[in-house]
Amino acid sequence: MSEIRLTRERAVTTLPHSRWGNAGEAPVSAVDALEQGRVVFFPHLAFTLTSEELTLLPPALAAPKREHITFRPQEDGLCGIVRAEKQPLARQLLLRHHLACYRLVAEVLPEYQQMLHSPINTLRLHPADAWRQTAFWRRDDSRLHVDVFPSTPNRGERILRIFTNINPCGQSRSWRVGETFEKLAQRFLPRLGRFSSSSSWLQKAVGMTQSYRTHYDHLMLEMHDAMKGDPVYQQGGPQVTLDFPAGSSWICFSDQTPHAAMAGQFVLEQTLLLPVSGMKHPERAPLKILEKLTRTALT
């Protein structure tokens, strides 16, 4: 039987929400779509910046060698901004987006609401093509990849991300989105390097990682690098192009959905972690898929 071709219709689920939270719209759960590796797209869900907040958009405001400004709301921690007088305004903007994202979660992902944790909000200021021009290839997010945290192993927890295009000039954010995680893993597993528990302990001991890198974390990092380092896959692997207009938002499990940012500038991003036990279908988690394919317990 021939392989099902990847199309936009199979990669995206579109929802009509135009407000961040329950505003009379019929509640619709996006959980099934996300756990299948689809992108959940809200073409009318804008996040409007005030005239004062628009002054945060010059890329020079981000610290040198940093791609973005980040805010950890639980610790009230802000980093990556070069002008101290702009810090209160940046904190206000990112906190406002963070709270809006939690209202959206309550509306469209109520099953996850109590289990999501470790929020980080990000303001991305640079154009996507800047990565291709200046970034070391492993950090070039215009190459198809799945997300992984090299220095902060997440031991199989899901990486949920909510994106909002805030481009004031109307430019779309353009992504490439790839095949299902199981097909991706089947493609790349044979070429991934062997796991060494002693190396993982050494990496933690010398401060390369904040915690022990499990077999799962090792495989995900190896897959991330193998994907980005394979020009044939980047050009010819299964993929579709998605354009997210200014004033739209979208969600995906970025550890599961192969993606690459190709064009656009100015994005707000909310990152959250979800335990596999908090999923509706845990068997769809990358951890469970990799354990099935390797016949090995990976955490």
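Within every chain, residues take consecutive numbers counted from 1 along the sequence as written. Confidence filtering applies because this is a predicted model: local features only for residues at pLDDT of at least 70, side-chain atom pairs given and counted only at 80 or more, and all residues used for totals across whole chains, interfaces and linings. To get the side-chain values, all heavy atoms of the structure are used, and hydrogens and water are removed first.

The protein chain carries the name Kdo hydroxylase family protein in an unreviewed UniProt entry, which gives Candidatus Sodalis endolongispinus as its organism.

It is worth spelling out the overall build of the protein chain at this point. Think of it this way: any DSSP run of H or I at least four residues long counts as a helix, any run of E at least two long counts as a strand, and we number them from the N terminus. For the protein chain, the helix and strand inventory stands at 9 helices and 11 strands. As defined in this context, the radius of gyration uses C-alpha atoms, and a globule is described by 2.2 Å times the residue total to the power 0.38. The C-alpha atoms of the protein chain give a radius of gyration of 19 Å, which matches the 19 Å a tight globule of 299 residues would have. For the protein chain, the C-alpha atoms occupy an extent of roughly 55 × 45 × 40 Å along the three principal directions. Across the 299 residues in the protein chain, those meeting the buried criterion constitute 53%. The contacts of the protein chain with a sequence gap of at least 6 include a subset with a gap of at least 24, amounting to 83%. Counting rule applied: Lys, Arg positive; Asp, Glu negative; His and chain ends not counted. We put the charge of a Lys on NZ, of an Arg on CZ, of an Asp on CG and of a Glu on CD. The averaged location of the 29 negative side-chain charges in the protein chain is 3 Å from the averaged location of its 35 positive side-chain charges. Partly exposed describes any residue whose relative accessible area lies between the buried limit of under 20% and the exposed limit of over 50%, with all areas from a 1.4 Å probe on protein chains only and scaled to the type maximum. Working rule for contacts: check all heavy atoms of both residues, and any pair within 4.5 Å makes them a contact.

Another point: the pattern of salt bridges. Side chains that differ in charge, positive against negative, can pair when their charged atoms come close. One side-chain nitrogen of Lys or Arg within 4 Å of one carboxyl oxygen of Asp or Glu is enough to make a salt bridge. One pass over the structure, following the stated rule, counts 15 salt bridges. Residue Lys-288 pairs with Glu-291 through a salt bridge whose shortest N-O separation is 3.9 Å. Of the two residues, Lys-288 and Glu-291 both sit in helix H9 (residues 286–294), 3 residues apart, roughly one turn of that helix. You can call Lys-288 partly exposed: its relative accessible area is 35%. Residue class for Glu-291 comes out buried when judged on its relative accessible area of 17%. Because the salt bridges share partners, they merge into one network encompassing Arg-124, Asp-147, Arg-161 and Glu-269.

Helix axes are fitted only over the stretch in contact, all axes being lines through C-alpha atoms; the angle between N-to-C directions runs from 0 to 180 degrees. Following both chains from N to C, one finds helix H7 (residues 215–228) and H9 inclined at 95 degrees, their axes separated by 11 Å at the closest point. What the angle tells us is that H7 and H9 run roughly perpendicular. Contact with H7, carried on its side by Tyr-216, Leu-219, Met-220 and Met-223, involves Pro-286, Leu-287, Leu-290 and Thr-294 of H9 and no other residues of that element. For the contact of H7 with H9, the class distribution of residues is 7 nonpolar, 1 polar and no charged. When an angle is under 35 degrees it counts as roughly parallel; over 145 it counts as roughly antiparallel; between 65 and 115 it counts as roughly perpendicular; any other value is oblique. By the convention adopted, Pro, Cys, Tyr, Trp, Phe, Met, Ile, Leu, Val and Ala count as nonpolar, Lys, Arg, Asp and Glu as charged, and the other residues, Gly among them, as polar.

Now for the sheet that holds strand S11 (residues 267–274). Here we have 8 strands laid out as an open sheet, ordered S1-S2-S9-S6-S11-S5-S3-S4, and mixed in their pairing. A single partner strand is all that each edge strand has here, and the edge strands are strand S1 (12–14) and strand S4 (77–79). Strand-to-strand twist in this sheet, taken as the mean axis angle between neighbours without regard to direction, amounts to 20 degrees. Across 5 bridges, the pairing between strand S6 (residues 158–165) and strand S9 (residues 249–253) is antiparallel. Following the sheet pairing, Thr-164 is matched in S9 by Ser-249. Against the sheet, helix H3 (residues 87–108) contacts strand S2 (39–42), strand S3 (68–72), S4, strand S5 (117–124), S6, S9 and S11, and its axis sits at roughly 55 degrees relative to S11. Two strands make a pair as long as DSSP finds a minimum of two bridges between them.

With that settled, the discussion passes to the pairing of strand S7 (residues 173–178). Buried residues dominate S7, accounting for 6 of its 6 residues. In S7, alternate side chains face the same way, and those of Arg-173, Trp-175 and Val-177 on one face and Ser-174, Arg-176 and Gly-178 on the other are all buried. As paired strands, S7 and strand S8 (residues 239–244) are joined by 6 bridges and run antiparallel to one another. When the sheet's bridge partners are listed, Arg-173 is paired in S8 with Phe-244.

This part takes up the sheet that holds S8. Strands sit in the order S8-S7-S10 across an open sheet of 3 strands; the sheet is antiparallel. Every other strand in the sheet has two partners, leaving S8 and strand S10 (259–263) as the edge strands with one partner each. Across the sheet, the mean angle separating the axes of adjacent strands is 25 degrees when strand polarity is ignored.

Pairs were defined over the aromatic rings of Phe, Tyr and Trp, the Trp ring being its six-membered one, requiring ring centres within 6.5 Å. Orientation was assigned from the angle between planes: stacked under 30 degrees, edge-to-face over 60, tilted for the rest. Inspection of the entire model under this criterion finds 11 aromatic pairs. Here the aromatic rings of Trp-20 and Phe-47 are separated by 5.9 Å at their centres, their planes lie at 90 degrees, and the arrangement is edge-to-face. On the criterion of sequence distance, the pair formed by Trp-20 in the loop between S1 and helix H2 (31–35) and Phe-47 in the loop between S2 and S3 is long-range, its members being 27 residues apart. Take Trp-20 and Phe-47: they sit in the same class, and that class is buried. Charge-over-ring placement is defined geometrically: NZ (Lys) or CZ (Arg) within 6 Å of the ring centre, and within 35 degrees of the ring normal. The cationic tip of Arg-158 hangs over the ring face of Phe-253; the distance from NZ or CZ to the ring centre is 4.0 Å.

Before going further, it helps to examine the side chain of Ser-249. Of note, Ser-249 is situated in strand S9. By the criterion applied in these results, polar contacts are pairs of N or O atoms within 3.5 Å in which, for protein atoms, one can donate a hydrogen and the other can accept it, and in which residues neighboring in sequence qualify only through two side-chain atoms. At 2.8 Å, the side chain of Ser-249 and the backbone oxygen of Leu-45 are in polar contact. A polar atom in the side chain of Ser-249 sits 3.1 Å from the side chain of Thr-164. Those residues in contact with Ser-249, other than ones at most four positions away along the chain, are Trp-20, Val-40, Phe-41, Phe-42, Leu-45, Phe-163 and Thr-164.

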